[in-house]
Amino acid sequence: MVGLVCLASGCVYFNGVYNASAAARNGDARLRRGAESEAATFFQTSAAKAETVLVRHASSSWRHRALYLAGRGAALGGQCDQALPRLQEFLLVPDATVDDRARARVALASCELRLSRVAEARARLDSLTDMGNPDVARQARLWAARAALAAGDRDAVTGYLRDADDNVLPWELVVASLSAREYVRVESLLVQRAARKDYRDDVLRAVRELWDAGDFAAAEAVVHAYETAGVRDAARAALHFTIGDLNLRTGRDSLARQHLFAARTLAGRDTVTAREASARLGYLLLPRVTTLREIDTLVARLDSTVRRSQYAQRIAERILLLRVLVQADDATGASVYLAAEVARDSLRAPSLAKSLFLRIAREMPGTPFAAQAWYAASLLAPDSADAWTAHIRSTYVSSSTAAWLRGEDPSTRPDFSMTPDLLTLRWNDALRIWTDSVRRLRTAPKSNPKSAERK
């Protein structure tokens, strides 16, 4: 009987509500420190745990508590579509505590602001800025400041953040400006903070958001400001690594090299940042390789500790996929075509991709991929593009690629529907082999250096 009672009520609490509450407390602790990005992860966990109670135990006596945790967690975790119905239902609960109701209203207002319902959010928050609970009041004022920024009412921001001390206020303004996407203001505030050698991890978030917004110059300016100010080496290393990685992802290899080299130098030899920066620097030579053998030579030159870095392991898995495709027993050319696309798009090795496309075009001229391979290669070799596209028009007259080049409808050609089917078939075959291989590599037992020495 006791076991049945546990299953009916107590276990609901311990398995769902208890874990959701614990995650929410961790989130609140980070909010008090101003670490919102870290807090969001805990709130997402809180929401997920509470959702299990709502789904599996819809009539439980813990439903109201689960609604609160699921709604607030989802809202502060940035999952507003999930949060809104939960919060709205919770706010109809008549016996909810004053503090829980206030926290739920702040969470609801945060979603209203994210959904551009600025006036509604600000009105709701204005009624909460003088709450007796200091944590609730602080969060309400912070979100109200963001709402004011979104409404263009910059003069109100300082009033909302009036209780913040001199060191906290500028960072609250940075966070509020980021949430309102006031990126010019973000850059200005951070350059001012850099001049005072005032660094927080919020700078990394700001650099990423500036970059994602397409304001590359502003992101570079923030990093330069902190470099010039001479903040501690670890902070400068983190900044250079972050923007170096962002430059690398967008093909700005020259700038990436400068920042990654600085990151490695500042981070010190035996740090994760140094190893990850070294891996990225090592693989910056990938765009020049033309064969798999050259890739093997490049990898062999890397230090063994660098090869164990997360970035190097990701690249190694992509190289493995490339190798599986190149070595496939496939006379259609589909596997090599897919390998070329992996080289071009995943490995950022255009020279290797071009050589693979040309391998199809020259060694498999009778396959349905020959015309496409000539065209794909032409996009990677501008000097030869005119000659190669002319070759397509004259040699592969009936292909969908030639039809497209002539301005005709390519869908009327037989290879138009044939080639996608072949690509899908060969991709699925290769993916099965690759997945099994990667799984074995990831679960392979690590060697013990000490036992090796004893042998």
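Our structure's up above, just so we're on the same page.
Read on for an overview of the structure. (Residues numbered from 1 in each chain as written. Predicted model: local features only at pLDDT ≥ 70, side-chain atom pairs only at ≥ 80, totals over all residues. Heavy atoms only, no water.)

1. Some details on the overall build of the protein
What the protein contains, in helices and strands, is 25 helices and zero strands. Each of the three principal axes of the protein carries a C-alpha extent, and together these read 80 × 70 × 65 Å. Within the span of the protein, comprising 455 residues, buried residues form 48% of the whole. In the protein, 55% of the contacts between residues at least 6 apart in sequence involve partners at least 24 apart. Looking at the protein as shown, the accessible area adds up to about 23,200 Å², and 52% of this sits on carbon and sulfur atoms. Across the protein, the 64 positively charged side chains and the 53 negatively charged ones have centroids separated by 5 Å. (Helix = DSSP H or I, 4+ residues; strand = E, 2+ residues; numbered from the N terminus. Buried < 20%, exposed > 50% of the residue type's maximum accessible area, 1.4 Å probe, protein only. Contact = heavy atoms within 4.5 Å. Areas by Shrake-Rupley, 256 points an atom, 1.4 Å probe, with all protein chains shown as cover. Lys, Arg positive; Asp, Glu negative; His and termini not counted. Charge placed at Lys NZ, Arg CZ, Asp CG, Glu CD.)

2. Quick look at empty space enclosed by the protein
Taken as a whole, this structure holds one cavity of 30 Å³ or more when the rule is applied. Looking at the lining of the largest cavity, the elements with two or more residues in it are helix H2 (36-56) and helix H3 (63-76). Top contributing element to the lining of the largest cavity by residue count: H3, with four residues. (1 Å grid on protein atoms, 1.4 Å probe; cavity = no way out; pocket = protein on both sides within 12 Å on 5 of 7 lines; lining within 4 Å. Points joined across faces, edges and corners; volume = space filled by probe spheres on them.)

3. Notes on the packing of helix H18 (residues 310-326) against helix H24 (residues 414-443)
For the pair H18 and H24, the least separation of the axes is 9 Å and the interaxial angle reads 135 degrees. Compared by their axis directions, H18 and H24 come out oblique. You can see that H18 and H24 cross each other, and the crossing is right-handed. Contact with H18, carried on its side by Glu317, Leu320, Leu321, Val324 and Leu325, involves Arg426, Trp427, Ala430, Ile433, Trp434, Ser437, Val438, Leu441 and Arg442 of H24 and no other residues of that element. The class makeup of the residues in the contact of H18 with H24 is ten nonpolar, one polar and three charged. (Axes fitted to C-alpha atoms, helices over the stretch in contact; angles between N-to-C directions. Parallel < 35°, antiparallel > 145°, perpendicular 65-115°, else oblique. Left-handed = near helix turned anticlockwise from the far one by under 90°. Nonpolar A, V, L, I, M, F, W, Y, C, P; charged D, E, K, R; others polar.)

4. Quick notes on the packing of aromatic side chains
Taken as a whole and assessed by the stated rule, the structure comprises eight aromatic pairs. Ring geometry for tyrosine 337 and phenylalanine 357: centres 5.1 Å apart, planes at 65 degrees, overall edge-to-face. Remark: phenylalanine 357 occurs in helix H20 (residues 350-363) and tyrosine 337 occurs in helix H19 (residues 334-346); sequence separation between them is 20 residues. Relative to phenylalanine 369, the ring of tyrosine 337 has its centre 5.5 Å away and its plane inclined at 35 degrees; by these criteria the two rings are tilted. Here tyrosine 337, found in helix H19, pairs with phenylalanine 369, found in the loop between H20 and helix H21 (370-380); they are 32 residues apart in sequence, far enough to count as distant. On the basis of relative accessible area, tyrosine 337 is assigned to the buried category, the value being 8%. (Phe/Tyr/Trp six-rings, centres within 6.5 Å; stacked < 30°, edge-to-face > 60°.)

5. Some words on the pattern of salt bridges
In total, this model carries 29 salt bridges according to the counting rule given. Close ionic contact of arginine 72 with aspartate 28 constitutes a salt bridge, the shortest N to O distance being 2.7 Å. Here the residue arginine 72 occupies a position in helix H3, and aspartate 28 occupies one in helix H1 (residues 2-32), the gap between them amounting to 44 residues. Per residue, the accessibility class of arginine 72 equals that of aspartate 28, and both read buried. (Salt bridge = Lys/Arg side-chain N within 4 Å of Asp/Glu carboxyl O.)

6. Concerning helix H7 (residues 134-150)
Given a rise of 1.5 Å per residue, 17 residues ought to cover 24 Å, and the 24 Å separating the end C-alpha atoms of H7 matches this to within 8%. Extensive coverage of H7 is indicated by the burial of 13 of its 17 residues. Where H7 begins, the side chain of asparagine 133 points an oxygen toward the backbone nitrogen of aspartate 135, at a separation of 3.0 Å. Glycine 152 sits one or two residues past H7 and shows a positive phi near 80 degrees. (Expected span 1.5 Å × (residues − 1). Polar contact = N/O pair within 3.5 Å; in protein donor to acceptor, adjacent residues only side chain to side chain.)

7. Re the environment of serine 116
With respect to the helices and strands, serine 116 occurs in the loop between helix H5 (98-114) and helix H6 (118-126). Overall, the relative accessible area of 61% leaves serine 116 in the exposed class. A C-alpha to C-alpha distance of 22 Å links serine 116 and alanine 70, two positions 46 residues apart in sequence.

8. With respect to the nonpolar core
If you look at the biggest cluster of nonpolar residues, it comprises 62 residues, and the most contacted ones within it are Tyr283, Ile295, Leu322, Leu352, Leu356 and Phe357. When residues of this core are assigned to their parent elements, the largest contribution, nine residues, is made by H18. Not counting residues within four places of it along the chain, the set of residues in contact with isoleucine 295 comprises Leu286, Val289, Ile319, Leu322 and Leu352. (Core = buried A, V, L, I, M, F, W, Y, C linked by side-chain atoms within 4.5 Å.)

9. Side note on H3
Compared with the 20 Å implied by 1.5 Å per residue over 14 residues, the 20 Å span of H3 between its first and last C-alpha is a close match. Taking burial as the measure, the 14 residues of H3 include twelve buried ones, the bulk of the element. Considered for burial, the residues of H3 that qualify are Arg63, Ala66, Leu67, Tyr68, Leu69, Ala70, Gly71, Arg72, Gly73, Ala74, Ala75 and Leu76. Trailing H3 by a residue or two, glycine 78 shows a phi angle of about 80 degrees, which is positive.

10. Some remarks on unusual backbone geometry
Unlike most non-glycine residues, lysine 197 shows phi in positive territory, near 60 degrees. Within the fold, lysine 197 resides in the loop between helix H10 (183-195) and helix H11 (202-212). Residue classification places lysine 197 among the exposed residues on the basis of a relative accessible area of 53%. Its identity is not glycine, yet arginine 348 carries a phi of approximately 55 degrees, on the positive side. Tracing the backbone through its elements, the reader meets arginine 348 in the loop between H19 and H20.

11. Some remarks on the state of the cysteines
Evaluated as defined, the whole model comprises one disulfide. There is a disulfide in this structure between cysteine 80 and cysteine 111, and the S-S distance comes to 2.2 Å. A torsion of -90 degrees about the S-S bond marks the disulfide between cysteine 80 and cysteine 111 as left-handed. One end of the pair, cysteine 80, is in helix H4 (residues 80-90); the other, cysteine 111, is in helix H5, and 31 residues separate them in sequence. (Disulfide = S-S within 2.5 Å.)

12. Considering the side chain of serine 110
Inspection of the secondary structure puts serine 110 in helix H5. Residues contacting serine 110, with those up to four places away along its chain left out, are Ala75, Leu76 and Trp143.

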